[in-house]
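Listed below, chain by chain, are the residues.
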Amino acid sequence: MKPAKTPSEASVVPTALELARRALTADAAKALDPLEQLGFADPVQALETLDRTGGPPQSAPLPVLALAELAATGRPDEGLRQLVRLAVAYGPQGLFSHLEADPILCQRLVQVVSHSTFLADILVRDFEFLLWLLVETPHLVEPLERSTLRQILRTDIGHVSEFEERLEVLRRVHRREFLRIGAAEILGTKPVAQIGKELADLADVVVEVALETCQHALWQEHGQPLDERARPARFLVVGLGKYGGQELNYSSDIDLIFVWDGEGETQPEGEGTPLENSEFFRRLGQRLVHVLTEATKEGFFYRVDMRLRPEGASGTLTHSLRASWRYYETRGELWERQMLIKARRVAGSRTLGEQYAAMLRPFIYPAHFHSAPHEEIRRIKERIEASIRERPRGENNIKLQAGGIRDIEFIVQCLQLLYGGIQPQARSHNTLAAIDRLAEVVSPKGAMKAALTAAEANALKNAYEFFRRVENLLQIASGRPDYAVPEDAQALRALALVMGYEDARAFSSALAGHRLRVRRLFAALFYGDTAAPRSPTWLLEVENGSAAAKADLVARGFVDGAAAHRRLQRLAGMGLLLSGGRAHFEALLPELLNSLAAAPDPDQGLLRFTQLVEAYGAPGALYSLLQEHTGFRTLIIAICGSSRFLADLLRRDPALLDSLVGQADWGLGSGPARGDLRAIARMQNKSLLRIGADDLMGLATEEETFLRLTELGEEVLQAVYGLAWGPLVRRWGKPRNRQGRDVRFAVLAGGKFGGREVDFGSDLDLFFVYEGDGKTRRGVPNSVFFTEFSQRLIALLAEEGLYSVDARLRPEGASAPMAISLVGYRRYLAQRAASWERMALSRARQVAGDAEFGARVLRAIERFVYNREVEAALVAQMQEMRQRMEPQGKRQTRINIKRGPGGIVDIEFVAQVLVLKWGYRDRSLRVGSTRHALQLFIEQGCLDRERGHFLLDAYEYLRAVEKGMRLASERASDALPTGRELEILSRALGAKDVAAFQDEVETYMQQTRRVFSALFAELTD
Amino acid sequence: MKNIVAFIKPFKLDEVKQSLAAIGLVGMSVSEVRGCGRQRGHSEIYRGAEYQLDFMPKIRIELAVGDGQLDEAVEVIMQSAATGEVGDGKIFVSELIEAIRIRTGETGENAL
């Protein structure tokens, strides 16, 4: 048979031959050039090596053909070095004259030694193998059946009975056959499937002889193990993995499991000590592993991996058939079913092998599944993927990389698990055979399609054969379990050439193509055609600091993936006092991550969620509730994901959660707690949470939210009022006028509180007016009493963080006494109040104290506000004041949505100036709320529709932005945040991205300012 | 001897445990429970019913005490588990017929 791969003879060989001739005949100086042209990386070194062939005088020089062939391998330097080494070992018989005489032999030998140092080593050591390999044995090209191999071995070993000697012969045969198979690999004389089978056959025969040898030795020491009915107890060696699948490679481990059957003990002859059968087989197993793995001067047979046995490395080495059954029946895991697909009897009792296979069948291939095997296998696969992604050298790994050998095996085994239950023909331990059968599998009635289409099966087979051949070539080159495609250009080219490709590029693109096709199939099978999101529970299976987990979480939208991973693990592991608590968390996890990822701030959201669960306790029960109740889950994740303000409330007082979602009583009630500031604070927090929750859940409009916050402010203020009043009266007595009548008092509100537009975290604008001068029963002047009372009110509101009060609306502003008498206030309004105060006071209303008296104060205020038309001077003053309010200097650089040009204040000013203008004549137009005022003026035709609606729209938008900022952070700032915070805010407001959001805000504000300026200009005309 | 079973709010567990430890009661079993049925005071139908729950998680603690310690134990649990809100939980007390320490065979209050 012609070698499958020959250098293209037509074009290259003549040139190479010519160059080779020149290199070998020219003198040293002239030989360098042709050597370099032949592809030698180091021609000087090559020349030196060539000189050494001139050593033994009788020996022929290196044939020209050999040098030309070396060039064709792509590794001429290495090939020449090995060839010369071989010639030296071969001695004066003259290796080169053989090569000269037999071009085929020459070509093959050059290829083998160029490509494999490992095989060259064997040839150097046992150079009598050389002619056997290249001339005598027909099996370099023809397939060798196991039975034939066994016969060959029996002939070699038949006469030897001594233990070590037998092993010696066995090692030699193993080496020789290994050489034969490896050479066939490089020469490409056998398909991948045949190579894998011959390697497995060789291992079978070795294990078989080794087992016999060990068994024989143990019998001599302890006698033969017999069962209770005096029949021989049986022993079985099971091969798994690539070995079990008869697709072995050159240097990975062989996976074995030992099984025995038949309780009893050994029957020693003569002086031997009897052993329990279990012990006998344990020793047999140990000895067999020792023989197979022992490194002697002759090398070793195989690395053996016994970790696939029941209970893994911690289990006993050998299991009885019954123990194995018990184990798989009760504790067998999905990965064990998958792994046992490959189980094959390789040596030992044939009948026990059949029993073992029959026992495993229902475990591996149950007719029905309890849970989705797809999902479970995916979890295993994800685990493996995660671990691969962390390997720094995984890049070129054809075994482990995505779309590589492991993926193909997974696809095939997964389909086998799925189809094998009802389609017995799918049960093959060999990957290529299984692919064929999966493409054939059809249900009797044609109801079920084949697991793989013909095209898919072809793609998988081609890829598998390609990868396995690459793997084999890499391993035969070094004798080590290599899986990495070389990065070095020359090595890559050599690999490409021996694979039959023209150059490295053609090879690399073929490799990439196979990977891609496998990857696609893999994705289609494991993730569904629609690339459904993968279950994130694998995140809980990988250890902390996992780079894969980090990357996954970053891809899900978390900025700090590592921290998110730590938090998830903390959540999963939190003292779960509820059985199945972890399962509840796993069930919750996908939804938790999805919702958080969609939240404005996933990172903080997860942190707050973790803190909340920690603070609340009973995580298991909480997870199960969250999982079951969509509304509850949405709410909690919304709170954690978008509101630091609300989440902090919950974290500080977890009892609020019960009030929020349970049916707690609202308000202060009439219980004994009424007088307690802390009870007021809790009531406020409960209400804030409820209002915030409804807002987040979209259960309340913006207007309703602000109104409820306003009402809450009133309720809190009135409760605190009650709390402050009693003690002060008890101490100083009630304030009275000169006639001895009680003096009344009113708390008035301006600003947003006055306009019923309070936001989260808003200040309350308050001022205080009392009825008239006089003294309390104990002689304290009323002015002192009410100033003290007002100050206490402010202090109490501040004490539990209820509200901060802005009292600058009072006459004379910040430096004046806190409370003023009505007479003094009237005088102030009549004589000293600035005309801009008309605007500020247009929103005044009474919020606590005596209602009737409050109404009197308000009448006085109204007279002041609406005592005359809006004159140009007022408008100018308002404009000037508006300008003063704008942020100055450095602060200007950030957009201030409240006080900046075109901010909320612009709209408020427009509303107020219109209220002053039109309210002068029409009482019904005297409105405090910005929104109501604008609506009213549009309806009444005082404001044209276009601008009116724009202002309403802008007001709503900017207030929503403001609310978003208040909910997201603790500080009440009016400046748009920057960086990450801006990003979070824009997401909270549903903007496409930061730029779009900023653009939107700026557009609204610029347009608002244009409307503002135009309207004010019209007023001064 | 009496057996005490108390259902408390989860975030009160540490407080309750500490208070019981302060009077020398350290052995108890703790588990999470999800009640079913309705929390008392369930009358108001609020518009936010979208996220209303019938029952929030509770922690169930169970401990056995000598007759002499019953009142104190109940008092301590009541104080430390109270939030003053609806759903603070309940305490159940029942007679305990016998207690036996498996290792030593001690019985009665000696076994507690």
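Residues numbered from 1 in each chain as written. Chains lettered and ligands numbered in written order. Predicted model: local features only at pLDDT ≥ 70, side-chain atom pairs only at ≥ 80, totals over all residues.

Undergrad: Explanation requested: the overall build of chain A in the structure shown.
TA: From N to C terminus, chain A includes 44 helices and 14 strands. In chain A, buried positions account for 45% of the 1021 residues. For chain A, long-range pairs separated by at least 24 residues make up 70% of all intrachain contacts whose partners lie at least 6 apart in sequence. (Helix = DSSP H or I, 4+ residues; strand = E, 2+ residues; numbered from the N terminus. Buried ≥ 20, exposed ≤ 12 C-beta atoms within 10 Å, placed from the backbone. Contact = placed C-beta atoms within 7 Å.)

Undergrad: Where do I start with the overall build of chain B in this structure?
TA: For chain B, the helix and strand inventory stands at two helices and four strands. Scanning chain B from its N terminus toward the C terminus, one meets helices and strands in the order β-α-β-β-α-β. Every one of the 112 residues in chain B was classed for burial, and the buried ones make up 24%. Sequence separation of at least 24 residues holds for 75% of the intrachain contacts in chain B that already meet a minimum separation of 6.

Undergrad: Mind showing me how you'd approach the nonpolar core here?
TA: Taken as a class, soluble globular proteins show a tendency for nonpolar side chains to be buried jointly. Residue and element names in this part refer to chain A. Within the largest apolar cluster, 154 residues are counted, with the highest numbers of intra-cluster contacts made by I639, V720, L748, L766, V769, V913 and L914. Element by element, the count of residues in this core is highest for helix α40 (residues 904–919), at 11 residues. In terms of nonpolar packing, the next biggest core, distinct from the first, is built from 140 residues, L35, L133, V192 and A233 among them. (Core = buried A, V, L, I, M, F, W, Y, C linked by C-beta atoms within 7 Å.)

Undergrad: Explain the sheet that holds strand β3 (residues 57–65) of chain B to me, please; I cannot follow it from the model alone.
TA: In sheet architecture, strand pairing relies on hydrogen bonds along the backbone and comes in two forms, parallel and antiparallel. All names here are of chain B. Spatially, the four strands line up as an open sheet ordered β2-β3-β1-β4, and their pairing is antiparallel. Edge strands, defined here as strands with exactly one partner in the open sheet, are β2 (29–34) and β4 (89–95). The average angle at which neighbouring strand axes cross in this sheet is 20°, direction not considered. For strand β1 (residues 2–8) and β3, the ladder comprises seven bridges, and the chain directions are antiparallel. (Pairing = 2+ DSSP bridges. Axes fitted to C-alpha atoms, helices over the stretch in contact; angles between N-to-C directions.)

Undergrad: Hey, could you run me through the packing of helix α19 (residues 405–419) of chain A against helix α21 (residues 454–478) of chain A in this one?
TA: Relative orientation and spacing of two packed helices are given, respectively, by the angle between their axes and the distance between those axes. Residue and element names in this part refer to chain A. Contact geometry for α19 and α21: axes closest at 10 Å, N-to-C directions at 140°. By the angle between their axes, α19 is oblique relative to α21. Every pair of crossing elements has a handedness; the one defined by α19 and α21 is left-handed. Between α19 and α21, the residues in contact are I405, I408 and I411 and L460, A463, Y464, F467, R468 and E471, respectively. Its residues assigned to classes, the contact of α19 with α21 comprises seven nonpolar, no polar and two charged. (Parallel < 35°, antiparallel > 145°, perpendicular 65-115°, else oblique. Left-handed = near helix turned anticlockwise from the far one by under 90°. Nonpolar A, V, L, I, M, F, W, Y, C, P; charged D, E, K, R; others polar.)

Undergrad: Just to check I follow, could you spell out the environment of A572 of chain A for this structure?
TA: Residues and elements named next belong to chain A. Examined against the element boundaries, A572 turns out to sit in helix α25 (residues 561–573). Distance from A572 to P619, taken between C-alpha atoms, is 9.1 Å for residues 47 residues apart in sequence. When neighbours within four sequence positions are excluded, A572 is seen to be in contact with L540, R582 and F585.

Undergrad: It is not clear to me how unusual backbone geometry should be interpreted in this structure. Could you clarify?
TA: When glycine is set aside, most residues are seen to have a negative phi, and most peptide bonds are trans. Unusually for a residue other than glycine, Q246 of chain A sits at a positive phi of about 55°. Among the structural elements, Q246 of chain A can be located in the loop between α13 (241–244) and β3 (254–261).

Undergrad: Explain helix α26 (residues 581–598) of chain A here, please?
TA: Because an α-helix packs 3.6 residues into every turn, residues spaced three or four apart end up facing the same way. All names here are of chain A. Its 18 residues place the ends of α26 25 Å apart at the C-alpha level, agreeing with the 26 Å of an ideal helix rising 1.5 Å per residue. Along α26, the sharpest kink reaches roughly 40°, centred on L588 and followed within four residues by the proline P590. Those residues of α26 that sit buried are G581, H584, F585, L588, L589, L592, L593 and L596. (Expected span 1.5 Å × (residues − 1). Bend = angle between axes of the 7 residues up to and from the residue.)

Undergrad: Where do I start with the confidence of the model for chain A in this structure?
TA: Detailed reading of the predicted model is not advised wherever pLDDT is low. Residues and elements named next belong to chain A. On average, residues of chain A score 85 in pLDDT, and 90% of them reach the 70 mark or higher. The lowest-confidence element of chain A is helix α18 (residues 373–390), averaging 58 in pLDDT; the highest-confidence one is strand β2 (residues 234–240), averaging 96. Long-range and interchain partners of residues 1–14, a stretch whose pLDDT sits below 50, account for 15 contacts in this model, where long-range means more than four residues apart. For residues 664–674, every residue scores under 50 in pLDDT, and the model assigns this stretch 15 contacts once sequence neighbours within four places are set aside. (pLDDT = per-residue confidence, 0-100.)

Undergrad: Explanation requested: the environment of D67 of chain B in the structure shown.
TA: All names here are of chain B. Relative to the helices and strands, D67 is located in the loop between β3 and α2 (70–81). Residue D67 is classed as exposed on the basis of its 11 C-beta neighbours within 10 Å. Each C-alpha atom of the pair D67 and N3 lies 9.6 Å from the other, and the pair is 64 residues apart in sequence. Discounting chain neighbours no more than four positions away, the residues touching D67 are M1 and K2.

Undergrad: Where do I start with the pairing of β3 of chain A in this structure?
TA: In regular strands, side chains alternate between the two faces of the sheet. All names here are of chain A. Counting buried residues along β3, eight of its eight residues qualify, which places the element largely inside the surrounding structure. By the alternation rule, side chains of β3 split into I254, L256, F258 and W260 and D255, I257, V259 and D261, which are all buried. As defined by bridge partners, β2 adjoins β3 across seven bridges and the pair is classed as antiparallel. Directly across from L236, in β3, lies its bridge partner V259. Relative to strand β5 (residues 304–305), β3 runs parallel, the two sharing two bridges. Paired with D255 across the two strands is D305, which belongs to β5. Examined bridge by bridge, β3 and strand β6 (residues 318–320) share three bridges and lie parallel to one another. Directly across from F258, in β6, lies its bridge partner T318.

Undergrad: Looking at this structure, I do not really get the confidence of the model for chain B. What am I missing?
TA: Residue and element names in this part refer to chain B. Chain-level statistics for chain B give a pLDDT mean of 84 and a share of 83% at 70 or above. With pLDDT under 50 throughout, residues 37–48 is counted as low confidence; its partners more than four residues away or in other chains account for 21 contacts. The ipTM, which scores confidence in the relative placement of chains, is 0.86 for this predicted complex, and the corresponding pTM is 0.57.

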